[in-house]
Amino acid sequence: MSEATPNEHQSNGKSLAAANILSASTAAAANDGNNESIRKNPPLRGLFALILLLATIRQAHVFLTRAYTIRLEAIKEYGLIIHEFDPYFNFRAATYLFDHVYGTINGGHGYGWVKGWKMFCEWFDYKVWYPLGRPVGTTIYPGMQVTAVWLTKCWIPIWFGLNEKFGGFFNVIGSFFDDSGSGIKKKIVTKSARKVSDYFQASNDPIMSTIASLMYKMGMKWKEMSLNDVCCLMPAWFGAWTTLVTGLLALECSAHFCYNHGNKFGTVFDDLPLIGYYIRKISTPIRETLTNYSGLDITTNTNKSPSSLQTASLLSMLATMFFMSIVPAHLMRSVGGGFDNESVAVFAMTLVFYCWTRALRGGTLGAKADDDCVHDVEGEDNVGAYIRGKQDQGFKLSSRTKAAVFYGFVTGIAYFYMVMSWGGYVFVINLVGAHAGTLVLLGRHSSKLHAAYSAFYFVGTALATRVPVVGLSPLRSLEQMGPLLVFLGMQLVEYCERIRTRDNLSRKKIWLLRIRLFGVVGVLLVGVVMALWPTGFFGPISSRVRGLFVKHTKTGNPLVDSVAEHQAAKPEAYQQYLDIVVKIVPFGFGLVAVAFTNDASSFLLVYGLAAYFFSHKMVRLILLTAPIASSLSGIAVGRTAAWCLEGVCGWYLDVWDAWRLLVDGEEDKLVSATTVVEAKVVSSDSKKKGKHKKTDADQVGKDTCDSSTSPTPVRNKWLFVLATKFAWLYLSLFLYKESQPHIKSFQSTCQQMASAMSHPSILFKAQTRDGQTILVDDYREAYWWIRDNTPEDSRIMAWWDYGYQITAIANRTTIADGNTWNHEHIALLGRALTSPLKDGHRIARHLADYVLLWTGGGGDDVAKSPHLARIANSVYRNMCPGDPTCSSWSSSKMQQSLLYKLHSNGLVPGVEVDRNRFKEVYQSKHGKVRIYKILSVSNESKEWVPKNRLCDAPGSWFCPGQYPPGLQKVLKEKKDFRQVSFEFDLERSLAFILVDDISLMLWVVFVVMFSWRISMQRLKTTQNIKRNILNI
């Protein structure tokens, strides 16, 4: 008689298990207890689930509309204008891209996306950073500009056409274009779709030309908004979309899926090696007792839905959207008119986080499993389980691993948009990498995690290197080495797990394999670092990142230290920007950590700790706390509301599960009742055959879906049931009543903060002494004066803060702006402004034609002068001899400076400007701006600069300028800036380790390689013996 094959043994085992399942189903159904009561009326339960879903959609729309309208305060008050400083550069860059893709370039038609994008990337702007210029295309994160142009010419006209033609759902989202007192609809321009189609054809955009032609044939009109209006409204639009995505993040992290061990809720330490087993032994009985006697065990055996539309998750999503829609921490960077990178980047960041947590869910399974490893914890996500028998049989991917790869791919694409939008992408990649590494350290590694992170990192990094400003920095920057090491380490861990499951290695052997493998790879990496470090391959840590780990005023870079947003956050700042949310966050954090941790929700814990740490170091980064604070607070509030609702109803309202009940009725009960029995039978059968030992993983698998407890006699009494429902009803009414004043207070505070944040610095309202309200528009009027009254080639000297506005509004050349890429150049500007008037004039005459100053008190240029002097002294040490931080800058030195003389000319007794060097040509209406013409300008230097640009290659677009010969005497006095705050010399320390200990490193390489060779020989011998035995 021939021996049965492994597949036949497996088939026979399944048949026996099926027979045992059918024989045990009656007993399992008898113990169904409380579950039977909730399944007696599927239609009514399904109706309630449908009502919950519709109410959620309705309320979500309310929150999205609220998120949009609260961000329109500035537009209602001041109109569709760009705010602040950086947004003006972003708008100017968007205009440049728009003109070259669709605008007035190339005979009024543009060049189309391909050539227009190429010209944008090769844009070297000589109107900024005179005389050097700036390669804008390779120093900008262009995601926001691309989005603005695409919305203006592509999506918005299509949306308006669909909204007008079909209405319905489009009218719901179309409410985002309602006037709301902002006059948006008056700005909409209607065009002929046929003419627009011809325009796109001439602009080399056949896709949009075809779409416009189809709209014309369907009788739809083409409606457009101007680029300026779209840029002003984008922060409000993306504020609403960020609210939605943050709600989805909370939805994903609060839903319970029982088909996968990684989705099972528990404590954060449940899978920690050694102590995880004992933590589960303590926490599981407590959890079951609480749910049993509180009447909340109605979720037993019903939480295998592939949908996240459950009571707790839906209410958590709504609560999160409520907080996120109006929380000031997000409002401060998403007010209408604030066309800044963060307004789009926060949306991209939360989208990455949602896609990442979705990837960790894996595949979706209903009541019926799509493969036979649903309850096999050891093999459910480990590819090695499929090749345990024979190596030549290959392996297949489980549905969970396939889904993880797909959503990891989507996460990588979302990350690419994040990289395109903001330099804060470094935080995102490090946070995802830290979470993946934390899961491995907590003992939660699986092939699902490996597939998700590998797909994310590979796709995301590959696409990120295509962004010109990023290039190869993901592989060279020290700030991004962590995620790369996690990626490499995860490949090694996955390899070890496949070997372990294939060869059934013991705990001791697998640890030896891990140590040897990681040792060899670690030594090889050290060798690569040793070879590349002297070449300068690895970039240094930036000043802004270093500022997150040292005290604010000690980063060593006075330019960074001069920015108020880089100060450390105080407790009052959290109260101001988060209000009541900051008090709820600890409860949400505790709930997730103690009772509701799984692969996805554990991300919130890592995100919460990281966001608090970095925001505490830099007040600007409180922005990062808005999504996580809203999510954790929403989960705390949503779960509490769900407990109350389910406690009162006695129903577990899952939309998907309720739909199956409506369709299948009582037939679903058999599947639910037998699932646990199947797991027990299969486990018992495998134990009898002695095919594996009982481990902690087996206990985890048992706890995953077999969490039901038989109802106690007390639970069966109607008095207990009635008392429980009454208690939940009373608690619900009590919490609702007590929360109303806090909710109203939070809404009122957020509305006040929104109004306060909606006053742009470029114009504002003020009251005169007689109480009359006036609009102070001095700054724009000064820029308009420059635009209309100075030659086009005029150069304007002003502190770098105002450079963006001058270039964008006045269309004139500036010396420096907010890009701050060249510290030495800004130091030269600072020296010209803070030197004595004569010395300052000797520098200014070679660089500029006019000097613009902000005056009028408050934060004007005189108030900023100590920072200017400190920055100048960091390069030109004679400004404050013997004082690196220029702390000796006093009022006597300040009063001799060029800046003070021009600022206080004619205003302070005894202060007059030298009329042979400067001539005042403009003073604003309310005294906020003064403009001086520089006399005796060096025309020789002005003519020399455009003729002596240095190109990196003949005919290249990259041609930076040079300083004219007239400044060489001053430039010889500079000392290139170097950080002064390091307590140790990092480069010297690393060089000592990498060079002086090279002999030790080589010896370690030899020992590890020798050990590896011996271990591989032993492993190969063991495999050969096993193969021979199987053949026999």
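Undergrad: What should I look at first to understand the overall build of the protein in this one?
TA: Across its full length, the protein carries 43 helices and 11 strands. Here the protein, with 1032 residues, has 52% of them falling under the buried criterion. Of the roughly 47000 Å² of accessible surface on the protein, 61% is carried by carbon and sulfur atoms.

Undergrad: Would you mind showing me how to read helix H28 (residues 625-649) here?
TA: Residues spaced three or four apart along an α-helix face the same direction, because each turn holds 3.6 residues. The terminal C-alpha atoms of H28, which comprises 25 residues, lie 35 Å apart, in line with the 36 Å expected from a rise of 1.5 Å per residue. Among the 25 residues that make up H28, 18 are buried, leaving the element largely enclosed by the rest of the structure. Note on H28: the residue one or two positions beyond its end, Gly650, has a positive phi of about 75 degrees.

Undergrad: I would appreciate a short explanation of the state of the cysteines in the present structure.
TA: Put plainly, a disulfide is one covalent bond tying together the sulfur atoms of two cysteines. This structure, assessed with the given rule, holds 1 disulfide. The disulfide partner of Cys951 is Cys959, and the S-S distance across this bridge is 1.9 Å. Across the disulfide from Cys951 to Cys959, rotation about the S-S bond amounts to roughly 100 degrees, and the bridge is consequently right-handed. For Cys951, a relative accessible area of 40% corresponds to the partly exposed category. Since its relative accessible area comes to 7%, Cys959 is described here as buried.

Undergrad: Looking at this structure, I do not really get the nonpolar core. What am I missing?
TA: Taken as a class, soluble globular proteins show a tendency for nonpolar side chains to be buried jointly. Met234, Phe353, Tyr453, Tyr783, Met797 and Leu852 are the most contacted members of the largest nonpolar core, which totals 230 residues. Here this core takes 15 residues from helix H12 (residues 227-254), the largest share from any one element. Discounting chain neighbours no more than four positions away, the residues touching Tyr783 are Ile762, Tyr802, Gln805, Ile806, Ile809, Ala810, Leu852 and Trp854. Core analysis: the next-biggest nonpolar cluster, separate from the first, contains 7 residues, Leu492, Cys496, Leu505 and Leu517 among them.

Undergrad: Can you walk me through the packing of aromatic side chains in this structure?
TA: In this description, an aromatic ring pair is defined by two values, namely the gap between the centres and the angle between the planes. Tallied over the entire structure, the rule returns 44 aromatic pairs. Centre to centre, the rings of Phe427 and Tyr607 are 6.3 Å apart; their planes meet at 55 degrees, and the pair counts as tilted. A residue pair is termed long-range when its members are at least 10 positions apart, and Phe427 in helix H18 (residues 425-441) and Tyr607 in helix H27 (residues 602-617) qualify at 180 residues. Take Phe427 and Tyr607: they sit in the same class, and that class is buried. Three or more aromatic residues joined by ring pairs form one cluster here, namely Tyr141, Trp356, Tyr415, Tyr425, Tyr453, Phe456, Tyr457 and Phe487. Looking at Arg639, its charged tip hangs above the ring of Phe596, at a distance of 3.8 Å from the centre.

Undergrad: Got a minute to help me understand the pairing of strand S10 (residues 918-923) in this structure?
TA: Along any regular strand the residues' side chains alternate between the sheet's two faces. In terms of strand pairing, S10 meets strand S11 (residues 929-934) through 5 bridges, oriented antiparallel. Bridge pairing in S11 links Gln923 to Arg930. Between S10 and the antiparallel strand that follows it, S11, lie 5 residues; Gly927 among them carries a positive phi value of about 75 degrees.

Undergrad: Would you take a moment to explain the confidence of the model for the protein for this structure?
TA: Detailed reading of the predicted model is not advised wherever pLDDT is low. Across the protein, the average pLDDT comes to 78, with 74% of residues at or above 70. Low pLDDT (under 50) marks residues 979-1008, which in the prediction has 27 contacts with non-local residues, meaning those over four places away or in another chain.

Undergrad: Teacher, can you tell me more about the sheet that holds strand S8 (residues 813-814) here?
TA: Hydrogen bonding along the main chain pairs the strands of a sheet, whether they run parallel or antiparallel. Reading across from one edge, S8-S7-S9-S11-S10 is the order of the 5 strands in this open sheet, with mixed pairing throughout. Single-partner strands in this sheet number two, and they are S8 and S10.

Undergrad: What is the right way to look at the pattern of salt bridges in this model?
TA: Where side chains of opposite charge bring their charged atoms close, a pairing between them can arise. With the rule as written, the count across this model stands at 24 salt bridges. Between Arg92 and Asp125 there is a salt bridge whose closest N-O contact spans 2.6 Å. Remark: Asp125 occurs in strand S1 (residues 124-125) and Arg92 occurs in helix H5 (residues 86-101); sequence separation between them is 33 residues. Here the two residues Arg92 and Asp125 agree in accessibility, since each one is buried.

Undergrad: I'm lost on the environment of Tyr574 in this one. Help?
TA: Inspection of the secondary structure puts Tyr574 in helix H25 (residues 571-578). In this structure Tyr574 comes out as buried when scored by relative accessible area, which is 8%. In contact with Tyr574, other than residues within four places in its own chain, are Ala569, Asp579, Val582, Tyr612, Ser615, His616 and Ile622.

Undergrad: Before we go on, may I ask you to explain the side chain of Ser865 in this structure?
TA: Looking at the secondary structure, you find Ser865 in helix H37 (residues 861-873). Beyond its immediate stretch of four places on either side in the chain, Ser865 contacts Thr834, Trp889 and Met894.

Undergrad: Just checking my understanding: could you explain unusual backbone geometry for this structure?
TA: For residues other than glycine, phi is negative in most cases, and the peptide bonds are mostly trans. Here the amide bond leading from Tyr130 into Pro131 is cis, since omega sits at 5 degrees, within 30 degrees of zero. Within the secondary structure, Pro131 is located in the loop between S1 and strand S2 (134-135). Positive phi, close to 55 degrees, is recorded for Asp579, a residue that is not glycine. Summarising the element assignment, Asp579 is placed in the loop between H25 and helix H26 (581-594). Classification of Asp579 as buried rests on a relative accessible area of 12%.

Undergrad: It is not clear to me how the packing of H28 against helix H32 (residues 718-757) should be interpreted in this structure. Could you clarify?
TA: Geometry of a packed helix pair, given as the angle between the helix axes and the separation of the axes. For the pair H28 and H32, interaxial distance at closest approach is 8 Å and the crossing angle is 145 degrees. In this structure, H28 meets H32 at a crossing whose hand is left-handed. Across the interface between the two elements, Thr640, Trp643, Cys644, Gly647, Val648 and Cys649 of H28 pack against Lys725, Trp728, Leu729, Leu731, Ser732 and Leu735 of H32. Tallied by class, residues from the contact of H28 with H32 come to 8 nonpolar, 3 polar and 1 charged.

Undergrad: What's the story with the pairing of strand S9 (residues 850-854) in this structure? I'm lost.
TA: Most of S9 is tucked away, with 5 of its 5 residues classed as buried. Neither face of S9 is left uncovered, since the one carrying Tyr850, Leu852 and Trp854 and the one carrying Val851 and Leu853 both have all their residues buried. Bridge analysis of strand S7 (residues 795-797) against S9 gives 2 bridges, and the strand direction is parallel. Paired with Ile796 across the strands is Tyr850, a residue of S9. Summarising the sheet, S9 and S11 pair through 5 bridges and their orientation is antiparallel. Paired with Trp854 across the two strands is Val929, which belongs to S11.

Undergrad: I keep staring at a nonpolar patch on the surface and nothing clicks. Help me out?
TA: Taken together, the side chains of Leu44, Leu47, Phe48, Leu50, Ile51, Leu54 and Ile57 define a hydrophobic patch exposed on the protein surface, amounting to about 620 Å² of accessible area. Relative to the helices and strands, Phe48 resides in helix H3 (residues 42-69).

What counts, and where the lines are drawn
Residues numbered from 1 in each chain as written. Predicted model: local features only at pLDDT ≥ 70, side-chain atom pairs only at ≥ 80, totals over all residues. Heavy atoms only, no water. Helix = DSSP H or I, 4+ residues; strand = E, 2+ residues; numbered from the N terminus. Buried < 20%, exposed > 50% of the residue type's maximum accessible area, 1.4 Å probe, protein only. Areas by Shrake-Rupley, 256 points an atom, 1.4 Å probe, with all protein chains shown as cover. Expected span 1.5 Å × (residues − 1). Disulfide = S-S within 2.5 Å. Core = buried A, V, L, I, M, F, W, Y, C linked by side-chain atoms within 4.5 Å. Contact = heavy atoms within 4.5 Å. Phe/Tyr/Trp six-rings, centres within 6.5 Å; stacked < 30°, edge-to-face > 60°. Lys NZ or Arg CZ within 6 Å of the ring centre and 35° of its normal. Pairing = 2+ DSSP bridges. pLDDT = per-residue confidence, 0-100. Salt bridge = Lys/Arg side-chain N within 4 Å of Asp/Glu carboxyl O. Axes fitted to C-alpha atoms, helices over the stretch in contact; angles between N-to-C directions. Left-handed = near helix turned anticlockwise from the far one by under 90°. Nonpolar A, V, L, I, M, F, W, Y, C, P; charged D, E, K, R; others polar. Patch = residues over 30% accessible without salt bridge, like charges linked within 9 Å, V, L, I, M, F, W, Y side chains within 5 Å.

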